Amino acid sequence: MSPLVGALLLSLALGVLGVCVGSAGFENLIGPLLHPDIDPAASAMAQQIVFEIRLPRTLGAWTAGALLGLAGAVAQGLFRNPLADPYLLGSASGASLGVALTLAALGGAGGMLGGSMMNGGVAVSVFSGSVLVRLGLTGAAFVGAVLAVLLTLALSNGVQHTLRLLLAGVVVGVVLGAATQLVLLFSPDSLQAMQAFMLGSTAFVGWTACALMAGVWLLCVSAGGLLGRVLDGLSLGEATAHSLGLPLGSLRIALVAVLALATGTAVAQTGLIAFVGLAAPHLVRSVIKTTHGRLMLLASLMGGALLMAADTLARWLIAPQELPVGVLTAVLGGGYLLCLMRGNNRGMGGGSS
């Protein structure tokens, strides 16, 4: 079985499992779904739970994870560093600052939304009454992420020097992170909602968000496939890439655009979810050695499967309540990377003896 088929089958299986898991057990929903004439009210409720809450949430978790996995593969290839993640250009800090400023401006409405998010998304009526708030937070996160990347590019004088770009991203992340803390210091009512954003949540991903993320994913995957040869050249060194006739300046800009668009879209819809973009390319490389063009696609599929699995686990562990999905991805991803580092250390020790 090819890795592509295996990743698709894994995603399909996890998707079915995700639709079945929740505070209302699927065994309590299957009867009303199959026999709507017996209890029309129960059937309508079951259809709403499955088709308006669980299914878009599950698909939204997959698309957000796919965007982060793709962005992680681009970041690691662009910086030639296997520890690079999608947030290195300051997009996470920019999104956080945008959300913090919006919450401070909205006051109580933002706090109400954050409270419902922290309770696991069970208060759907709260969200339906705060659609404008949610749209404002989503737009602020996306705009903040994009502006942070643009600031990083300005500080690094473009994309010609990868090390300078990396250092500029670190500086922007630290400064914008401090600005976010300053905003929250003067707006303590926003702390609860901000905590929900920082921990990450797929609780309020609907069909519109799914369609948006799917469209951006298709665009980024297509662009990534065309730009894979650039990352292959960069992996051999900049001198080799120049000798291949690659216009590195313009192609680096295109790669940064793909990275910013994928990361900003995912963060805007789900908040900050750690380790998916970092771990997904590593998992793919542990299975298959391939070119960057194919790696980006496989890392994207792996990222979708990882976040979908984490989201399902977050709903199941302490049901009917749920854990923030970002906490689970951090624990699972961090544990995986620690095991990976331990294995590498053993390999190095064995080689030296």
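Rules and cut-offs
- Throughout this description, residue numbers start from 1 for each chain and increase along the sequence as written.
- Where totals are concerned, whole chains, interfaces and linings use all residues; where local detail is concerned, this predicted model gives features only for residues with pLDDT of at least 70, and gives and counts side-chain atom pairs only at 80 or more.
- The side-chain quantities take in all heavy atoms of the structure and omit both hydrogens and water.
- Going along the chain from the N terminus, every DSSP run of H or I of four or more residues is numbered as a helix, and every run of E of two or more is numbered as a strand.
- In what follows, residue pairs with any heavy atoms lying within 4.5 Å of each other are defined as contacts.
- In short, Shrake-Rupley with a 1.4 Å probe defines the accessible areas, and a residue's cover is counted only from the protein chains shown.
- A residue's pLDDT is the predictor's confidence in that residue, given on a scale from 0 to 100.
- Note on exposure labels: buried denotes an accessible area under 20% of the residue type's maximum, exposed denotes more than 50%, and partly exposed covers the range between, all computed with a 1.4 Å probe on protein chains only.
- Directions from the helix axis toward the C-beta atoms define the arc.
- To estimate how far a helix should extend, the number of its residues minus one is multiplied by 1.5 Å.
- Patches were defined on residues exceeding 30% relative accessible area and lacking a salt bridge, with like-charge contacts within 9 Å and nonpolar side-chain contacts (Val, Leu, Ile, Met, Phe, Trp, Tyr) within 5 Å.
- Any Lys or Arg side-chain nitrogen found within 4 Å of a carboxyl oxygen on Asp or Glu counts as a salt bridge.
- Under the rule applied, a polar contact is a pair of N or O atoms within 3.5 Å (in protein, one hydrogen donor and one hydrogen acceptor; residues adjacent in sequence only if both atoms are side-chain atoms).

Caption draft 1: Expanded view of the overall build of the protein chain. Summing up its helical and strand segments, the protein chain has 15 helices and 0 strands in all. Taking contacts inside the protein chain between residues at least 6 apart in sequence as the whole, the part at least 24 apart equals 77%. Per element, the accessible surface of the protein chain, about 15700 Å² overall, is 71% carbon and sulfur.

Caption draft 2: Looking closely at the confidence of the model for the protein chain. Looking at the protein chain as a whole, the pLDDT averages 82, with 86% of positions reaching at least 70. Mean pLDDT in the protein chain bottoms out at helix H6 (residues 124-128), which sits at 34, and peaks at helix H14 (residues 292-316), which reaches 93. Throughout residues 114-129 the model reports pLDDT below 50, and contacts reaching past four residues in sequence, or to other chains, amount to 27 contacts.

Caption draft 3: View of helix H9 (residues 191-199). Among the residues of H9, Ala 193, Met 194, Ala 196 and Phe 197 are the ones counted as buried. Around the axis of H9, the buried residues are gathered within 155 degrees of arc, so they sit on the same side.

Caption draft 4: Broad picture of helix H8 (residues 162-186). Here H8 spans 37 Å end to end across 25 residues, near enough to the 36 Å set by a 1.5 Å rise per residue. When H8 is considered as a whole, its buried residues turn out to be Thr 162, Leu 165, Ala 168, Gly 169, Val 172, Gly 173, Leu 176, Thr 180, Val 183 and Leu 184.

Caption draft 5: Quick peek at a nonpolar patch on the surface. Together, Met 1, Val 5, Leu 9, Leu 12 and Val 16 line one region of the surface with nonpolar side chains, adding up to about 530 Å² of accessible area. Within the secondary structure, Met 1 is located in the segment before helix H1 (3-20).

Caption draft 6: Representation of the side chain of Arg 315 within the structure. With respect to the helices and strands, the residue Arg 315 is situated in helix H14. Classification of Arg 315 by relative accessible area gives buried; the value is 6%. Polar contacts involving the side chain of Arg 315 include one to the side chain of Thr 58, which spans 3.5 Å. When residues no more than four places from it in sequence are discounted, the contact partners of Arg 315 are Gly 18, Val 21, Arg 54, Arg 57, Thr 58, Gln 321 and Glu 322.

Caption draft 7: Examining the pattern of salt bridges more closely. Tallied over the full model, the rule gives 3 salt bridges. For the salt bridge of Arg 57 with Asp 311, the shortest nitrogen-to-oxygen distance reads 3.0 Å. Placement of the pair is Arg 57 in helix H3 (residues 40-79) and Asp 311 in helix H14, with a sequence separation of 254 residues. Judged by relative accessible area, which is 6%, Arg 57 ranks as buried. Here Arg 315 ties to Asp 311 by a salt bridge, and the two come within 3.0 Å at their closest N and O atoms. Of this pair, Arg 315 and Asp 311 both sit in helix H14, separated by 4 residues, roughly a single helical turn. The exposure classification of Arg 315 matches that of Asp 311, with both residues buried. Residues participating in the shared-partner salt-bridge network are Arg 57, Asp 311, Arg 315 and Glu 322.

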